[in-house]
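Residue-level structure breakdown
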Amino acid sequence: QVQLTETGGGLVQPGGSLRLSCAASGSTFTSYTMGWFRRSPGQGREFVASISWTGEMIYYAVSVRGRFTISRVKGKNMIDLQMDNLRPEDTGVYYCNLNPPDEKYWGLGTQVTVSS
């Protein structure tokens with residue numbers, strides 16, 4: 001049984017930064033593509049970014065490209081999402097999962113609020 005836990009969210013002003021972490025317990029995903037997703041009232045669940053731990057392939061949603069950086073934490077079952085130049089429209093609950101996501105791995109997510 002695998003559990004994914006997201007941390008690092010918070011309240012920041014526009015232009016600020018946050019670093020999110022996703023830790024996996026109970027197993028390892030070193031051979032799988034992992035992704036970050038977010039849910040907002042207007043857009044529902046959106047894809048944000050993904051990283052392939054075997055193929056070194058990284059993808060970003062157009063809306064975050066150039067501002068967000070996804071990475072794998074070496075030696076740990078963890079992926080990070082560095083978010084810079086945050087905008088109010090980045091507000092939402094951020095989740096990690098396999099990409100494409102597996103329904104049984106959705107966790108509680110971490111709230112990101114960008115507001116003045």
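This write-up is about the structure you can find in this document. (Residues numbered from 1 in each chain as written. Predicted model: local features only at pLDDT ≥ 70, side-chain atom pairs only at ≥ 80, totals over all residues. Heavy atoms only, no water.)

**A word on the packing of aromatic side chains**
Here the distance between the centres and the angle between the planes together describe a pair of aromatic rings. Stated formally: Any pair of Phe, Tyr and Trp rings, taking the six-membered ring for Trp, is counted once the centres come within 6.5 Å. Such a pair is stacked with planes under 30 degrees apart, edge-to-face with planes over 60 apart, and tilted for the rest. Only DSSP runs of H or I covering at least 4 residues are called helices, and only runs of E covering at least 2 are called strands; the numbering of each starts at the N terminus. Buried means the residue's accessible area, taken with a 1.4 Å probe over protein chains only, is under 20% of the maximum for its type, while exposed means over 50%, and partly exposed covers the values in between. Two limits define a charge over a ring: the Lys NZ or Arg CZ must be within 6 Å of the ring centre, and within 35 degrees of the ring normal.
Summed over the entire model, instances satisfying the criterion amount to 3 aromatic pairs. Arranged with centres 6.0 Å apart and planes meeting at 70 degrees, the rings of F37 and F47 form a pair that is edge-to-face. One end of the pair, F37, is in strand β4 (residues 33–40); the other, F47, is in strand β5 (residues 44–52), with 10 residues separating them in the sequence. Under the relative-accessibility criterion, F37 is labelled buried at 5%. The ring of Y105 has K104 lying over it, and the distance from NZ or CZ to the ring centre is 4.9 Å.

**Notes on the sheet that holds strand β6 (residues 58–60)**
Selection rule: Note: two strands are recorded as paired if DSSP finds a minimum of 2 bridges between them. Only the contacting stretch of a helix is used when fitting its axis, a line to C-alpha atoms as for every element, and angles between N-to-C directions run 0 to 180 degrees.
With mixed pairing, 6 strands are arranged side by side in an open sheet as β2-β10-β9-β4-β5-β6. Only two strands of the sheet have a single neighbouring strand rather than two, namely β2 (10–12) and β6. In this sheet, adjacent strand axes meet at a mean angle of 25 degrees when their direction is disregarded.

**Examining the state of the cysteines**
So the rule is basically this: Our working definition of a disulfide is a cysteine sulfur pair at a distance within 2.5 Å.
The tally for this structure, following the rule as stated, stands at 1 disulfide. Between the sulfur atoms of C22 and its disulfide mate C96 the distance is 1.8 Å. On the sign convention where negative is left-handed, the bridge of C22 and C96, at about 65 degrees about the S-S bond, is right-handed. With a gap of 74 residues between them, C22 in strand β3 (residues 18–25) and C96 in strand β9 (residues 92–98) connect regions that are remote in the sequence. You can call C22 buried: its relative accessible area is 2%. Judged by its relative accessible area of 0%, C96 falls in the buried class.

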